[in-house]
Amino acid sequence: MPVCDLAVSSVRELNQALHRLTPDTNETAWEIDNPQGKHAIGVGINVPVEIDIKGHVGYYCAGMNKFASVRIHGNAGTGVAENMMSGTVHVMGDASQSAGATGCGGLLIIDGDASARCGISMKGIDILVKGSIGSMSAFMAQAGNLVVLGNAGEALGDSIYEATIFVRGEVKSLGADCIEKPMTEADRERLAGLLGRAGLDGAAKVDDFRMYGSARELYHFHVDNAASY
Amino acid sequence: MCGIVGLFLKNKALEPALGDMLSKMLVTMTARGPDSAGVAVYGAGNNDRVKLTLRAEDAGAAAALANELPAALGVPVDVSIRANHIVASLPRDAEAAALQWVKARAGQIQLVSVGTHMEIYKDVGLPEHVVSEFALAGMAGSHGIGHTRMATESAVTINGAHPFSTGEDQCLVHNGSLSNHNSIRRTLVREGMSFATQNDSEVAAGYLTWRMSKGDSLKQSLTSSLEDLDGFFTFVVGTRNGFAVLRDPIACKPAIMAESDDYVAFGSEYRALSVLPAIEKARVFEPEPATVYAWERS
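Residues numbered from 1 in each chain as written. Chains lettered and ligands numbered in written order. Predicted model: local features only at pLDDT ≥ 70, side-chain atom pairs only at ≥ 80, totals over all residues. Heavy atoms only, no water.

- Per an unreviewed UniProt entry, chain B goes by the name Glutamate synthase (NADPH) GltB1 subunit and belongs to Rhodopseudomonas palustris.

- The name that an unreviewed UniProt entry assigns to chain A is Glutamate synthase (NADPH) GltB3 subunit, with the source organism given as Rhodopseudomonas palustris.

Following this line, the structure appears as structure tokens:
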């Protein structure tokens, strides 16, 4: 198993080594030691490898991830899994602001809390937060699912498009054009599937969640809605 | 961007290492602010003597002025010199005369801070340079705060460097920018306060000093700043026996903290905390927006 000690190697050396991997590589399990909050660890991975990062990471860890499974054994700084395409990123601690921002696909799991703007402008990613999320989460979210087992801060889903938000705890306030919606059977199945993918089968009940999405009033400019934008 | 750090020791056994820990934290934040750096260290002192931190043009000028001061005041003055900064410890009843002496030498020397336990050192240049210039790593103390500046609101000068001190043993470092600092400055000037710079962060420090002069605790003064100060901010504030952190209501600027039985530490990024001893055993968390976090020593 390749082991990269970031107390010795640079992040650039690590990322270049990861970028050199081909889809048929045999080096499929990596360990990264001493991340010490460094930025941009494991950005732009494009192959199905498993990566364990043993500690806290800085900004943009596993950004643009494609195919890889990245486990962060600690907290993550701003923009973890930003613009992820596919694969899985699992933060075992807390995540800072803008977790999963603009993500197009894949699954981001956060065991602790996520800070403000979680899932901002998400475009297809699924995000599951076992703790709570901060204010302005899922702002302008376009597609994908944000599942929160804890509480949500102010202005949840402000100006949301077609993404779906499931929250088990309390929502401090909803943002512009975000409303609670009744869950259909298909929605319930989708939520159950997401909980299962995050290893929460049986640990969280679908019935305990409420679902939020777009009222679709702000899709097209209408002067009567001017104050809502 | 700016980088800020703070360290409040709970375990007295760590006090000889305060400067060393703070230096490492500060240098780690160089990428966030390479223009200037500064620290406030709360170390030895007693309430009967006042410590003035003064800044001269250079080390030579500092030495000459430090020689002049005791004779000018006619009282015993303990003087220590670190590069171009002088810390003069003098009897409290000589404070007014000492401040007059400084005022009379405007252009040659500037007052940086007044306190009983606090000393402030700041200069332009990379944090690594500033830390070694003042031999920060060798300083002992109970708590300290530091700042690496990326200039936005005012010029790259020593006057624009943080920490800002506007009251005895009080200081503040700020990451962000205030939008209503001019109107708050005018209000505070009408209240009798004076400011040495046009910097927005000095206004924030002055605001807290003003609130505390009206009887607010450190925590209360920060709570009321949420109503009165507008803009982006993360503040880290020190008082003689206190240490506090506040972020604006939308938490525009990054912040992360660690707390253990040994210390409370603040950094703009986790990297600044990663250099601390036993950090892996501390509780690491992101402070909530619009929430005052404050600690006091008994």
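## Considering the interface of chain A and chain B
Item 1. The interface of chain A with chain B comprises 13 residues on the first partner and 12 residues on the second.
Item 2. Interface of chain A and chain B: buried area, both sides summed, is about 990 Å²; carbon and sulfur atoms make up 43% of it.
Item 3. The largest share of the area that chain A buries against chain B comes from Gln36(A), His56(A) and Tyr59(A), three residues that together contribute 37% of it.
Item 4. The interface formed by chain A and chain B contains 0 salt bridges.
Item 5. Summed over the shared surface of chain A and chain B, the number is 6 residue pairs in polar contact (both at pLDDT 80 or more).
Item 6. For the side of chain A that touches chain B, the residue count by class is 2 nonpolar, 8 polar and 3 charged. (Contact = heavy atoms within 4.5 Å. Buried area = accessible area lost by both parts, 1.4 Å probe. Salt bridge = Lys/Arg side-chain N within 4 Å of Asp/Glu carboxyl O. Polar contact = N/O pair within 3.5 Å; in protein donor to acceptor, adjacent residues only side chain to side chain. Nonpolar A, V, L, I, M, F, W, Y, C, P; charged D, E, K, R; others polar.)

## Structural notes on the packing of helix 2 (residues 59–73) of chain B against helix 3 (residues 95–104) of chain B
All names here are of chain B.
Item 1. Across the interface, helix 2 lies against helix 3 with an axial gap of 10 Å and an inter-helix angle of 135°. The orientation of helix 2 relative to helix 3 falls into the category oblique. Taken as a pair, helix 2 and helix 3 cross one another with a handedness that is right-handed. Each of Leu65, Glu68, Leu69, Ala72 and Leu73 in helix 2 lies in contact with helix 3, whose residues at this interface are Ala97, Ala98 and Trp101.
Item 2. Taken together, the residues of the contact of helix 2 with helix 3 break down into 7 nonpolar, no polar and 1 charged. (Axes fitted to C-alpha atoms, helices over the stretch in contact; angles between N-to-C directions. Helix = DSSP H or I, 4+ residues; strand = E, 2+ residues; numbered from the N terminus. Parallel < 35°, antiparallel > 145°, perpendicular 65-115°, else oblique. Left-handed = near helix turned anticlockwise from the far one by under 90°.)

## Some remarks on the sheet that holds strand 4 (residues 78–82) of chain B
Residues and elements named next belong to chain B.
Item 1. Within the open sheet, the 4 strands sit side by side as 4-5-3-6. Their pairing is antiparallel. Two strands close off the open sheet at either side, each with one partner strand: strand 4 and strand 6 (109–115). Going from strand to strand, the sheet's axes swing by 20° on average, the running direction of each strand aside.
Item 2. Of the strand pairs in this sheet, strand 3 (residues 49–56) and strand 5 (residues 85–91) are connected by 7 bridges, and their pairing is antiparallel. Bridged to arginine 55 within strand 5 is histidine 85.
Item 3. Strand contacts of helix 2: strand 3, strand 4, strand 5 and strand 6, with the helix running at about 10° to strand 5, the strand carrying the most contacts.
Item 4. The strands that helix 3 touches are strand 3, strand 5 and strand 6; relative to strand 6, the one it contacts most, it runs at about 155°. (Pairing = 2+ DSSP bridges.)

## Digging into the pairing of strand 8 (residues 143–148) of chain A
Residue and element names in this part refer to chain A.
Item 1. Of all 6 residues in strand 8, 5 are buried, a share of seventy percent or more.
Item 2. Bridge count between strand 8 and strand 9 (residues 164–167): 4 bridges; the pairing is parallel. Note that in strand 9 the partner of asparagine 145 across the bridge is threonine 164. (Buried < 20%, exposed > 50% of the residue type's maximum accessible area, 1.4 Å probe, protein only.)

## Section: the sheet that holds strand 10 (residues 178–181) of chain A
Residues and elements named next belong to chain A.
Item 1. One open sheet holds the 11 strands; their spatial order is 1-2-3-4-5-6-7-8-9-11-10, and the pairing between them is mixed. Two strands close off the open sheet at either side, each with one partner strand: strand 1 (3–5) and strand 10. With direction set aside, neighbouring strand axes in the sheet form an average angle of 15°.
Item 2. Looking at chain direction, strand 4 (residues 69–72) and strand 5 (residues 88–91) are connected through 4 bridges and run parallel. Residue pairing in the sheet places arginine 71 in a bridge with histidine 90 of strand 5.
Item 3. Of the strands in this sheet, strand 1, strand 2 (29–33) and strand 3 (50–54) are in contact with helix 1 (residues 11–20), which crosses strand 2 at around 175°.
Item 4. Contacting strand 6 (107–110), strand 7 (123–129), strand 8, strand 9 and strand 11 (210–214), helix 2 (residues 185–197) runs over the sheet at an angle of about 65° to strand 8.

## Describing a nonpolar patch on the surface
Item 1. A cluster of nonpolar side chains, contributed by Met140(A), Tyr161(A) and Tyr219(A), occupies part of the molecular surface with about 250 Å² of accessible area.
Item 2. Overall, Tyr161(A) belongs to the partly exposed group, its relative accessible area being 34%. (Patch = residues over 30% accessible without salt bridge, like charges linked within 9 Å, V, L, I, M, F, W, Y side chains within 5 Å. Areas by Shrake-Rupley, 256 points an atom, 1.4 Å probe, with all protein chains shown as cover.)

## A short note on the side chain of Gln170(B)
All names here are of chain B.
Item 1. Mapped onto the elements, glutamine 170 comes out in strand 10 (residues 170–178).
Item 2. Here threonine 209 takes part through its side chain, which lies 2.6 Å from a polar atom of the side chain of glutamine 170.
Item 3. In contact with glutamine 170, other than residues within four places in its own chain, are Tyr42, Met118, Phe164, Ser165, Thr209, Met212, Gly238 and Thr239.

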